[in-house]
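The chain contents come next:
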Amino acid sequence: MSTVSIRLPASLHDGIRQAAKREGISINQFIASAAGEKLAAWNTEAYLSARAAAGDRGLFEAALSRVPDAVPEPDDRLPAG
């Protein structure tokens, strides 16, 4: 476990304090969770970008062209609107 000292605007600190209290967790737990969520989002974005860069549009379109053109089952249809 590491210790980090950060400076926060008073309004942000108050918001974090209120949110942590509402969730029944400590401010430390709240900040660790928020940092973990942000890191996971960035890692996911990097992963998806790398996967997209490795993709081949031609291969995708070739695979898509083999999918039969059929009317979807009633449960698979998008709602009208």
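Refer to the structure printed above.
Residues numbered from 1 in each chain as written. Predicted model: local features only at pLDDT ≥ 70, side-chain atom pairs only at ≥ 80, totals over all residues. Heavy atoms only, no water.

1. Comments concerning the overall build of the protein chain
- Check the secondary structure of the protein chain and you find three helices and zero strands.
- For the protein chain, the succession of helices and strands along the chain, N to C, is α-α-α.
- Rg of the C-alpha trace for the protein chain: 23 Å, well past the compact-globule value of 12 Å for 81 residues, more than 25% over.
- In terms of its C-alpha atoms, the protein chain occupies a principal-axis envelope of roughly 60 × 35 × 25 Å.
- Residue burial in the protein chain is summarised as follows: out of 81 residues, 4% are buried.
- Of the roughly 7,700 Å² of accessible surface on the protein chain, 57% is carried by carbon and sulfur atoms.
- Taking the average location of the 9 positive side-chain charges in the protein chain and that of its 10 negative ones, the two points are 12 Å from each other. (Helix = DSSP H or I, 4+ residues; strand = E, 2+ residues; numbered from the N terminus. Rg over C-alpha atoms; globule rule 2.2 N^0.38 Å. Buried < 20%, exposed > 50% of the residue type's maximum accessible area, 1.4 Å probe, protein only. Areas by Shrake-Rupley, 256 points an atom, 1.4 Å probe, with all protein chains shown as cover. Lys, Arg positive; Asp, Glu negative; His and termini not counted. Charge placed at Lys NZ, Arg CZ, Asp CG, Glu CD.)

2. A look at the pattern of salt bridges
- Inspection of every chain in the model, using the stated rule, returns two salt bridges.
- When the shortest N-O distance is used, the salt bridge between Glu61 and Arg57 registers 2.8 Å. With a gap of four residues between them, Glu61 and Arg57 both fall in helix α3 (residues 57-65), about one helical turn apart.
- The exposure class of Glu61 is partly exposed, given its relative accessible area of 42%.
- By relative accessible area, Arg57 is classed as exposed at 59%. (Salt bridge = Lys/Arg side-chain N within 4 Å of Asp/Glu carboxyl O.)

3. Observations concerning the layout of surface pockets
- Its boundaries defined by the atoms lining it, the largest pocket holds a volume of some 370 Å³.
- Across the lining of the largest pocket, the residue classes tally to seven nonpolar, four polar and no charged. (1 Å grid on protein atoms, 1.4 Å probe; cavity = no way out; pocket = protein on both sides within 12 Å on 5 of 7 lines; lining within 4 Å. Points joined across faces, edges and corners; volume = space filled by probe spheres on them. Nonpolar A, V, L, I, M, F, W, Y, C, P; charged D, E, K, R; others polar.)

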